[in-house]
Amino acid sequence: MDATISAIATALGVGAVGIIRISGPESLAMANRIFSARNPLSRDRARYMQYGFIHDAEGNYVDEVLAVYMPGPHSYTGEDVVEIQCHGGREALQEILRLTFEAGARPAEPGEFTKRAFLNGRLDLTEAEAVMDVITAKSKRALIAANRGHKGALSSKVKAIRKALKDLIVHLEAVIDYPEEDIEDVTYDETAQTIARCSEAVASLLRQGMTGRILREGLRTAIVGRPNVGKSSLLNRLLQADRAIVSSIPGTTRDIIEEQMTIDGIPLVLTDTAGLRDTKDYVEQIGVERSRAILEDAELALVVLDGSQPLDAEDRRLLEQVKNRPHLVLINKSDLPSCLDEETVRAICGGDCFRLSVKTGEGMEQVGTWLKHFVCGEGSDAESGTMTQNARQITLLSSAADHLDGARNDAENHLPYDCLTIDLTEVLHELGEITGEDVPDEIIDEIFAQFCVGK
Ligand SMILES: Nc1nc2c(ncn2[C@@H]2O[C@H](COP(=O)(O)OP(=O)(O)OP(=O)(O)O)[C@@H](O)[C@H]2O)c(=O)[nH]1
Ligand SMILES: [Mg+2]
């Protein structure tokens with residue numbers, strides 16, 4: 001790990017400025033081999049930007065740059081770091097990078113800077129992983145959630161749960177190991193209560209993780225309804241573009257149209273589908289089958305009804321179908337005389353339902369407000385504590401939740417303490433794997449390998 005490494009830290013492309021990052025014990029000496037300035041980089045001028053130029057081994061001028069030396073441990077990696085800001089063209093960056101190699105650095109592996117930060121204790125594993133989410137955040141909310149992870153929101157909660165479990169295990173083990181000693185006996189009730197509190201905390205993290213995932217990847221939302229109710233019109237209005245063909249002929253849309261968009265800060269992957277009905281038309285039939293499959297897969301169904309007509313059998317069938325899954329019913333065409341009220345709809349499928357006109361735009365703002373609430377919950381904005389979790393963390397949390405359920409069952413059934421501690425120790429490992437306190441090296445390598453070079 002003592003090698004000094006370097007890489008281009010900025011995106012490869014044409015930009016005003018590009019950055020080369022060097023990290024490791026030799027970074028200062030190596031940088032000064034290729035950097036000339038009135039004031040060379042030095043400990044005395046640590047963290048001050050120095051103006052100068054980069055030259056090659058023969059002393060040929062390569063680029064005009066700004067360079068800064070950040071001695072460890074107070075640097076990104078925790079090691080001595082030098083960053084060189086040069087012109088942002090591909091050639092300048094590649095040439096300076098090559099010169100750092102000539103000066104003795106070796107190419108950094110993907111994620112190696114962040115991995116070093118982790119190994120040096122600058123970041124724990126959740127914070128390091130959140131760096132990736134900060135970089136790839138696609139919406140402002142996703143960024144806020146990722147930053148929260150980066151600042152350790154997830155790990156501090158996980159650590160608190162681990163602490164409670166560790167205390168419990170220690171206590172149970174003391175009772176197992178020294179039955180003759182007068183150790184205050186923990187009752188099964190208390191044990192079950194502690195486990196229940198941990199379970200609830202894990203469940204809450206999982207819920208927040210779901211929100212984080214949606215903010216990162218978008219909520220898979222399907223617009224469904226029978227033909228001609230205004231599904232494609234809704235897609236177009238939300239997109240503010242003429243994406244899907246709209247016509248008064250029922251059965252206009254036959255294929256699935258998928259678009260990504262952000263509504264009130266909530267990223268959506270929205271699909272417009274073929275109107276649901278029994279049809280003899282072969283192609284339309286395929287479209288209807290696809291619509292049903294999309295509905296099955298969606299995380300949210302936006303059911304569109306035509307408010308100027310009474311409910312028909314197809315509407316009822318659809319409402320029955322979405323009854324037990326997340327849905328929002330939109331009674332469209334409120335600009336026309338109404339033949340359908342919210343109560344009738346609610347009686348069939350419960351849940352939320354409102355009236356709007358895609359044509360005039362009346363009532364459209366409710367959609368964004370509802371979505372925000374659906375995804376972010378009560379607080380419904382950045383302050384609600386959402387944080388990013390990745391698939392690895394979610395898998396570990398889910399498994400921890402299962403083991404906690406098992407342990408709680410054991411406690412409630414008064415099984416021997418060792419049965420309990422087996423499950424609880426498993427949970428301890430799983431949670432430790434999230435924060436990186438208890439994680440095999442291969443996993444660490446795998447995690448950082450997903451990063452880009454230079455990070
Ligand atoms: N008056 C009124 N007409 C609307 C409204 N929304 C859509 N329409 C009209 O309803 C007709 C059908 O609209 P589409 O958006 O194509 O309906 P669809 O649900 O996608 O239909 P299919 O693709 O056939 O399933 C068009 O003539 C639209 O102009 C509305 O809010 N008010
Ligand atoms: Mg359509």
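Structure shown above.
In this report, the structure presented in the accompanying data block is examined. Remember, it's a predicted structure, so these values are computed and weren't measured experimentally.

Turning our eyes to something else, we now look at the pairing of strand 11 (residues 300-306). A regular strand places its side chains on the two faces of the sheet in alternate fashion. By the criterion of burial, strand 11 is predominantly enclosed, with 7 of the 7 residues buried. Relative to strand 11, strand 8 (residues 219-224) runs parallel, the two being bridged by 4 bridges. The residue of strand 11 that forms the bridge with I223 is L302. Where strand 11 meets strand 12 (residues 327-332), 6 bridges bridge the pair, whose relative direction is parallel. Bridge pairing in strand 12 links V303 to V329. One crossover worth recording links strand 11 to the parallel strand 12 by way of helix 10 (residues 313-322), and it is right-handed.

Once that is clear, we can look at the site of ligand 1. Close to ligand 1 lie 23 residues, the nearest being K231, S233, G251, T253 and D335. N332 places a polar side-chain atom, nitrogen or oxygen, 3.1 Å from an oxygen atom of ligand 1. Here V358 contributes a backbone N or O atom positioned 3.1 Å from an oxygen atom of ligand 1. Protein contacts shield 89% of the accessible area of ligand 1, which totals 650 Å² for the unbound molecule. When each cavity is represented as a set of grid points, ligand 1 is found to reside in the largest pocket. Considered class by class, the residues forming the shell around ligand 1 number 7 nonpolar, 12 polar and 4 charged.

The next subject is the coordination of the magnesium ion (ligand 2). Geometry reference: four tetrahedral donors at a metal, ideal angle 109.5 degrees. Six octahedral donors, ideal angles 90 or 180 degrees. The coordination sphere of the magnesium ion (ligand 2), as far as protein atoms go, consists of S232 (OG) and T253 (OG1), spread over 2.0 Å. Within this pair, whereas S232 is found in helix 8 (residues 231-239), its partner T253 is found in the loop between helix 8 and strand 9 (257-263), the two being separated by 21 residues in sequence. Each member of the pair, S232 as well as T253, is classed as buried.

Calculation notes
Residues numbered from 1 in each chain as written. Chains lettered and ligands numbered in written order. Predicted model: local features only at pLDDT ≥ 70, side-chain atom pairs only at ≥ 80, totals over all residues. Heavy atoms only, no water. Buried < 20%, exposed > 50% of the residue type's maximum accessible area, 1.4 Å probe, protein only. Helix = DSSP H or I, 4+ residues; strand = E, 2+ residues; numbered from the N terminus. Pairing = 2+ DSSP bridges. Right-handed = clockwise from strand over helix to strand, strands pointing away. Near = heavy atom within 4 Å. Polar contact = N/O pair within 3.5 Å; in protein donor to acceptor, adjacent residues only side chain to side chain. Areas by Shrake-Rupley, 256 points an atom, 1.4 Å probe, with all protein chains shown as cover. 1 Å grid on protein atoms, 1.4 Å probe; cavity = no way out; pocket = protein on both sides within 12 Å on 5 of 7 lines; lining within 4 Å. Sits in = over half its atoms within 2 Å of the grid points. Nonpolar A, V, L, I, M, F, W, Y, C, P; charged D, E, K, R; others polar. Donors = N, O, S within 2.8 Å, 3.2 Å for Na, K, Ca; no water.

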